[in-house]
Amino acid sequence: MNRPGEEKLKHLFRPGSIGRFKTKNMVKYGACCVSNYNGRDGFITPRELARVRVIASTGCGIITNQGAYPDPLGEGKAYFRQVAIFDDKFIPQFETIAGYIHDAGAVAIQQILHAGRYGGIDLGYCIQPSVVPQTLPHFRPPRELTKEQIKAIVAQHADAARRAIRAGFDGTEVTSFMGYLLANFNSRFTNQRSDEYGGSVENRGRFMRELIDAVKQATPDSPMLIRLNAAELMDRWGGNSEDECFELMQQAVDCGVDMISVTVGWQEAPESSFGRDVSPGHWNHLSAKAKRLFPKTAIAFGNRLPDPVMADQCIRDGVFDYWEVCRPLLADPELIHKAAEDRLNEVRPCIGSLNCLSRLFRDLPYTCTMNPVLGHEVEPEYAITPAVEKKRIMVIGAGPAGMEAAITARKRGHEVTVFEKSAHIGGNLAAYAANDLARPEDLRSVIDYYRVMADKLGIEVRLNTEANAKFMRSVLHQYDVCLVAAGARTDLGAFRYLEGAELLVDALEVAHGRIKPGHRVVMVGGGMIGLTIAESLTKAGHEVVVVEEEKRVAGDVMPTFKWRHTAWVDELGIRTLTSSRLVKVTSEGATVKNAKGEESFVAADTVLVSSPRKANHDLFHEFQWMVDELHGAGDAVIARGLDAAIHEGYRMGVRI
Amino acid sequence: MANAFGDLSAWQAMLDRHAELFSEMSAGSRVGFVSRSESGVTPGKHVAGLMAAKGAGDMMAWERRETGMQTSLEDYAGFQDARVDLLFVAEDEALAAMREALSGEALGMIKRLIRKGGIMFYVMKNKYQLQDAGYEEFLESLGLSFLGACR
Ligand SMILES: Cc1cc2nc3c(=O)[nH]c(=O)nc-3n(C[C@H](O)[C@H](O)[C@H](O)COP(=O)(O)OP(=O)(O)OC[C@H]3O[C@@H](n4cnc5c(N)ncnc54)[C@H](O)[C@@H]3O)c2cc1C
Ligand SMILES: Cc1cc2nc3c(=O)[nH]c(=O)nc-3n(C[C@H](O)[C@H](O)[C@H](O)COP(=O)(O)O)c2cc1C
Ligand code: SF4
C-alpha cells in the first residue's frame, strides 16, 4: 500500500484470499462482459481479446471472465455472440485470457453461464425445470427438462469447469444472475416440478447442490464461486421470498462454495434492480444479511454501488468482503487505479443509463454511453496517441460533445480552447440534470468530471463567449481547426404559420431555468426532453398536458428507460394527447387536433415547445471559408442524445 | 355477476373504441384473460400452476376477426390449450379495477396494473411472431414491449 488512495481506502486495498489464492485487494471485476463481440460459433474474436486485455488491467484483485455457455447445442446460450466452453477446441483462447489476467497480477475466474429460461437464442425453444411460459417476447418458448437432461447439464458444467482450469484459470463461478438456469431451479416461479428437483426449497436446491458437487469434484484444488439472488423481486408472482433465497444460499454454503456473489432481481421483475432510478447502496442490506448469516464464506457484492469510498466503508462495516464492480468499470476502466492514486474526482462516472444492456437485448454488441472506446479497443483509430502535428483547436460549445472532444484532443497534445456562450459548461446535459427525476446527481457528476479534466489538462474554457461570424473574424488565423459542437435548438420556426405562434415558449429556456412557466402548461412534444421537463414541472406543482404528434410518447428514449417515463407519466397523472398536433395558441391556452381531425381546447398559461429540434448548422456555413479544418460533433450535426454527443466528440478528438 | 369479467358488451365497447390498436393484427390473433382466483390456482402456488388447474374457470378471449376485435367467454383448461398469443392473469382486485375503468381509460388501467404486478402476462409467441401478427401497437399501448429485460 504505497499509493495515497490505498491508505485512505485501506479496507478496499488490503490483500485478501480465495481458496489457496491471494488477491491483491478486495475488488472483484464482476462478470459484466457478455459482450456479443464473438463468433456465432462461440469462438472468441480479436475484438473480445482486446477488450479483455483492458478488463485484466483494471487493477481488480479478482477478474471474472464473461459467462461462457457449457453445452454444444446452445440451449444455454443467451446472446447471439456469446463465448462457448463446451469443447476443448476453445481452450487456447481461454489460455490467452487467463494469461492476460495473471500478467496483471489478478486471480482469474471463469464464469459458466447456462441461460436456461433465457437461453436457446439460436434455437426455437429454451429449457427450464418446468414449462412456465415467457413473459418477455424476447425469449424462446420453454421445454421441460428430463432427469437425464439434468444429469447431462450438471456433467457439462463440470466439464466446462475442468476446461477453464486446464486453460489456466484459478477458479470458476456459476451464475444464476437475473433468472438463468440455476435460478430457474431455485425459484418457485420457474420450478413447478413434482419430482425430487421441485417442490420444497430443499428439492429445488438439489440441482444447485449437484452442480456444486460436480464442479468441486472436477476441480478439487480450485475455488468455486456461485452467484445467487438475495431477492428476486418476483415474490408477488410466486417467486422466492427473501427467506427462501437465503435458505438456498445456506445450501450453497453447506456444499462448501468458496464465495457467494450476492445479486438482486429477475429480468421479468416489475421493478428495477440496478437502473438509473435505484440509488447507490440501495441493496446493501441484502449483502449485509448474507455476511451475518454466513460469516465463514466470502461474500461479494456490488449491485448498484458505484463508489469506491462507499465500498471501502461497507467492507469496514462488514457489509461484504469483496466489492464486485461491473458497470462503473465499463464507464471507466481506470476507476480502481484512480481510487488508489487518490484521483477519484477524475473518474468518468457510470450514469446507469443501461445503454450497455439495452444493446445486448437487441442482439447488438454492447457499448457504453460514457466510454466511447468500449468495444473498439482493438481498433487503433480509437486509441489516444500523440498527435503528429500539434494544432490549435477551437471548440464551439461546452456541452458533452465539445468537452469530450476538447479533453481527448488535449490529451493528444493539441492546444485547445473551448468557447461557450452561456455562463457554464455542460450544455443541455445541465438542463437534463436540472429536471431529471431519477438521479440528477449522476448526470451532474459528468459535468463535474469535464470541469476537473479541463482544469487538469489546461484546456482554456471561455464562458459567456458566443462564436459568430464577427467573433470568427476577430480570431482569424489564430486556430487551425474549428469543431462546431453547438448543440441543437428547439425549432420554433416550424410553427411560424400557426395562429398565436408568438406566444410559444422554448421549453429549453424553462429547462435551463431562464423562464418560469405559468401554473397550467401545455408541452408540445413528448420525447425525452418534453417528458423530462413535464415530469419535473408536474412534480413542482404545475399542471401539465403533453401534446405529441406520434402515436406514443417517449419515442426517442433509450429502450430500457421508456417504461420509466411512461410509469412517471402515469404516477404523476400527466395527461398525454397523442397523435395530436397544435393548431392554435391564445393567451387562454392551446387548440389541439387529433388524428381523426377532432379539435379540443386545453386551457394553459404557458405553451412550451420541446419538439421538433434543429441542429445548429448555421455556424458551419458561416465559418466555412474562415478556418483550415471545420468539423462538427454531437447534436450540432443531427439532434440526437447523450450517447451520440459523447461518442462523436471523442471520435473527433482522436482524429483531428 | 355470472363471471369474473362482468358484462362482455362493456368490454366489446371498449375494444371498439380502441379499434385502431388492433387494425394491423392478422385475423385469428387471440388474447386471453383469466382470473387468478377463478383459475383454481391454490394460494401459495403461482400462476404457472394454471397448468394443473384444468377447466377450473372462464377465459375472456379477444379474437381478431374480419370486423375487428371480438370478445367471447370460453372454458379455460390451462394455457397450453387456450390457443392464445398472449395470456393475462389478473388478481381479483385488478379485474374489479378493470371493470370499473371500462367506460374510461381501461387500457391505461391495464397498463398500470401490469406495472404494479396486479396482472401478470405470458407470451406464447416470440417477439418476431408477435410483430408479424401485428401486435406491436397493442403491446406498446400497454407498455409491454417497454418491459425490457434487466432493469
Ligand atoms: C430536459 C432534457 C432531457 C434530456 N434527456 C435526455 C435523455 O434522456 N437521453 C439523452 O440521451 N439525451 C437527453 N437529452 C439531450 C442531451 O442533453 C443532449 O443530446 C446533449 O447534451 C447534446 O450534447 P451536445 O454537446 O451535442 O450539445 P449541447 O449539450 O446542446 O451543448 C451545446 C453547447 O453549445 C453552446 N453554444 C451554442 N451555440 C454557441 C455559440 N454560437 N457559441 C458558443 N457556444 C455555443 C450551448 O450554450 C451549449 O452549452 C436531454 C436534454 C434535455 C434538455
Ligand atoms: C453488459 C453487461 C454484461 C453482463 N454480463 C454478465 C454475465 O456474463 N454474467 C453475470 O453473472 N452477470 C452479468 N452482468 C451483471 C453484472 O455482473 C452485475 O451484477 C450488474 O451489472 C450489477 O452490478 P453493477 O451495478 O456494478 O453494474 C452483466 C451486466 C452488464 C451491464
Ligand atoms: S452504458 Fe450506461 S449503465 Fe452501462 S456502463 Fe455505460 S454509463 Fe453505465
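Residues numbered from 1 in each chain as written. Chains lettered and ligands numbered in written order. Predicted model: local features only at pLDDT ≥ 70, side-chain atom pairs only at ≥ 80, totals over all residues. Heavy atoms only, no water.

1. Focus: the overall build of chain B
Per the secondary structure count, chain B includes six helices and five strands. If you list the helices and strands of chain B from N to C, you get α-α-β-β-β-β-α-α-β-α-α. Considering chain B as a whole, with its 151 residues, one finds that 57% of them fall into the buried category. Taking contacts inside chain B between residues at least 6 apart in sequence as the whole, the part at least 24 apart equals 75%. As displayed, chain B has an accessible area near 6200 Å², and 49% of this comes from carbon and sulfur atoms. (Helix = DSSP H or I, 4+ residues; strand = E, 2+ residues; numbered from the N terminus. Buried < 20%, exposed > 50% of the residue type's maximum accessible area, 1.4 Å probe, protein only. Contact = heavy atoms within 4.5 Å. Areas by Shrake-Rupley, 256 points an atom, 1.4 Å probe, with all protein chains shown as cover.)

2. Considering the interface of chain A and chain B
In many analyses, interface size is given as the accessible surface area lost on bringing the parts together. Each side of the interface is counted separately: chain A has 39 residues, and chain B has 38 residues. Here chain A and chain B share three salt bridges between them. R552 of chain A serves as the salt-bridge partner of E137 of chain B, at 2.9 Å between the closest nitrogen and oxygen. In this structure, the connection of chain A to chain B is made through five residue pairs in polar contact (both at pLDDT 80 or more). Among the elements that line the side of chain A that touches chain B, the one with the most residues is helix α20 (residues 559–572) of chain A, at seven residues. Its residues assigned to classes, the side of chain A that touches chain B comprises 20 nonpolar, twelve polar and seven charged. (Salt bridge = Lys/Arg side-chain N within 4 Å of Asp/Glu carboxyl O. Polar contact = N/O pair within 3.5 Å; in protein donor to acceptor, adjacent residues only side chain to side chain. Nonpolar A, V, L, I, M, F, W, Y, C, P; charged D, E, K, R; others polar.)

3. Side note on the pairing of strand β14 (residues 415–419) of chain A
All names here are of chain A. Counting buried positions over the five residues of β14 gives four, a clear majority of the element. As paired elements, strand β13 (residues 392–396) and β14 share five bridges and run parallel to each other. The partner of M394 across the bridge, within β14, is T417. In this view, the connection linking β13 to its parallel neighbour β14 by way of helix α14 (residues 400–411) has right-handed handedness. (Pairing = 2+ DSSP bridges. Right-handed = clockwise from strand over helix to strand, strands pointing away.)

4. Looking at the site of ligand 3
Residues and elements named next belong to chain A. Close to ligand 3 lie 13 residues, the nearest being C350, S353, L354, C356 and C368. Looking at the shell around ligand 3, the elements with two or more residues in it are α11 (327–331) and α13 (355–360). Looking at side-chain class alone, the shell around ligand 3 contains seven nonpolar, five polar and one charged residues. (Near = heavy atom within 4 Å.)

5. Some thoughts on the packing of α20 of chain A against helix α4 (residues 106–116) of chain B
Where α20 of chain A meets α4 of chain B, the closest approach of the two axes is 11 Å, and the angle between their N-to-C directions is 115°. When the axes of α20 of chain A and α4 of chain B are compared, the crossing they make is left-handed. Here W563, T566, A567 and D570 of chain A of α20 of chain A lie close against α4 of chain B, whose contacting residues are K111, R112 and R115 of chain B. A breakdown of the residues in the contact of α20 of chain A with α4 of chain B according to their chemical character gives two nonpolar, one polar and four charged. (Axes fitted to C-alpha atoms, helices over the stretch in contact; angles between N-to-C directions. Left-handed = near helix turned anticlockwise from the far one by under 90°.)

6. So, the site of ligand 2
All names here are of chain A. The environment of ligand 2 is made up of 20 residues, and the closest members are A31, Q111, T175, R304 and R327. At 3.1 Å, a backbone N or O of C326 approaches an oxygen atom of ligand 2. Between R327 and ligand 2, the recorded distance is 2.5 Å, taken from a side-chain N or O atom to an oxygen atom. At the level of elements, α11 and α13 are the ones that each hand at least two residues to the shell around ligand 2. In the shell around ligand 2, the residues fall into twelve nonpolar, five polar and three charged.

7. Comments concerning the domain arrangement of chain A
All names here are of chain A. Per the domain assignment, the segments of chain A are domain 1 (4–360), domain 2 (385–487 + 616–655) and domain 3 (492–614). Computed over C-alpha atoms, the centres of domain 1 and domain 2 are 39 Å apart. At the interface, 14 residues of domain 1 touch 15 residues of domain 2. Counting the surface lost from both domain 1 and domain 2, the interface buries some 1200 Å², and carbon and sulfur atoms represent 55% of this. Three residues, R276, E346 and I351, lead the burial of domain 1 against domain 2; their summed loss comes to 47% of the area buried on that side. A salt bridge links D436 to R276; the nearest nitrogen and oxygen atoms lie 2.4 Å apart. Here domain 1 and domain 2 share six residue pairs in polar contact (both at pLDDT 80 or more) between them. Here the residues of the side of domain 1 that touches domain 2 sort into five nonpolar, three polar and six charged. (Domains from an automatic or database assignment. Buried area = accessible area lost by both parts, 1.4 Å probe.)

8. A word on the sheet that holds strand β20 (residues 543–547) of chain A
Residues and elements named next belong to chain A. What the five strands build is an open sheet, ordered β18-β25-β19-β20-β21; its pairing is parallel. Since the sheet does not close on itself, it has two edges, and those belong to β18 (505–506) and β21 (575–577), each with one partner. Strands β19 (520–524), β20 and β25 (606–609) of the sheet are contacted by helix α19 (residues 528–539), whose axis makes an angle of about 165° with β20.

9. Notes on the state of the cysteines
Residue and element names in this part refer to chain A. Enumeration according to the criterion identifies one disulfide over all chains in this entry. Each disulfide pairs two cysteine sulfurs, and for C32 the partner residue is C326, the sulfurs being separated by 1.8 Å. Between C32 and C326 the sulfur-sulfur dihedral comes to about 65°; the bridge is accordingly right-handed. Note that C32 is positioned in the loop between β3 (27–29) and α2 (46–56) and C326 in the loop between β12 (322–325) and α11, a separation of 294 residues in sequence. Of the residues examined, C32 reaches a relative accessible area of 12% and is grouped as buried. Owing to a relative accessible area of 22%, C326 belongs among the partly exposed residues under this scheme. (Disulfide = S-S within 2.5 Å.)

10. Description of the packing of helix α15 (residues 428–435) of chain A against helix α16 (residues 440–457) of chain A
Residues and elements named next belong to chain A. Running from N to C, α15 and α16 cross one another at 160°; their axes reach a closest spacing of 8 Å. On the basis of the axis angle, α15 is roughly antiparallel to α16. Here the hand of the crossing between α15 and α16 comes out left-handed. Along its contact with α15, which presents L429, A430, Y432 and A433, the element α16 presents P440, L443, R444, V446 and I447. Residues belonging to the contact of α15 with α16 are distributed by class as follows: eight nonpolar, no polar and one charged. (Parallel < 35°, antiparallel > 145°, perpendicular 65-115°, else oblique.)

11. Let's talk about the side chain of S261 of chain A
Residue and element names in this part refer to chain A. Within the fold, S261 resides in strand β10 (residues 259–264). Under the relative-accessibility criterion, S261 is labelled buried at 1%. Contacts of S261, omitting those with residues within four sequence positions, involve E173, I226, R227, L228, A300 and E324.

12. Notes on the pattern of salt bridges
One pass over the structure, following the stated rule, counts 50 salt bridges over all chains. Here R564 of chain A makes a salt bridge to D277 of chain A, at a shortest N to O gap of 3.2 Å. With R564 of chain A in helix α20 and D277 of chain A in the loop between β10 and α9 (284–293), the pair connects residues that are 287 residues apart, well separated along the chain. Across the salt bridge formed by E137 of chain B and K551 of chain A, the nearest N and O atoms sit 3.5 Å from each other. Of this pair, E137 of chain B sits in helix α6 (residues 136–141) while K551 of chain A sits in the loop between β20 and α20, each in a different chain. Taking relative accessible area as the criterion, E137 of chain B reaches 16% and is therefore assigned buried.

13. Here we look at the side chain of S187 of chain A
Residue and element names in this part refer to chain A. Relative to the assigned elements, S187 resides in the loop between α5 (181–186) and α6 (201–204). Relative accessible area serves as the criterion here: at 0%, S187 is assigned to the buried category. Filtering out sequence-adjacent residues up to four positions away, S187 remains in contact with R204, E232, G239, N240 and W266.

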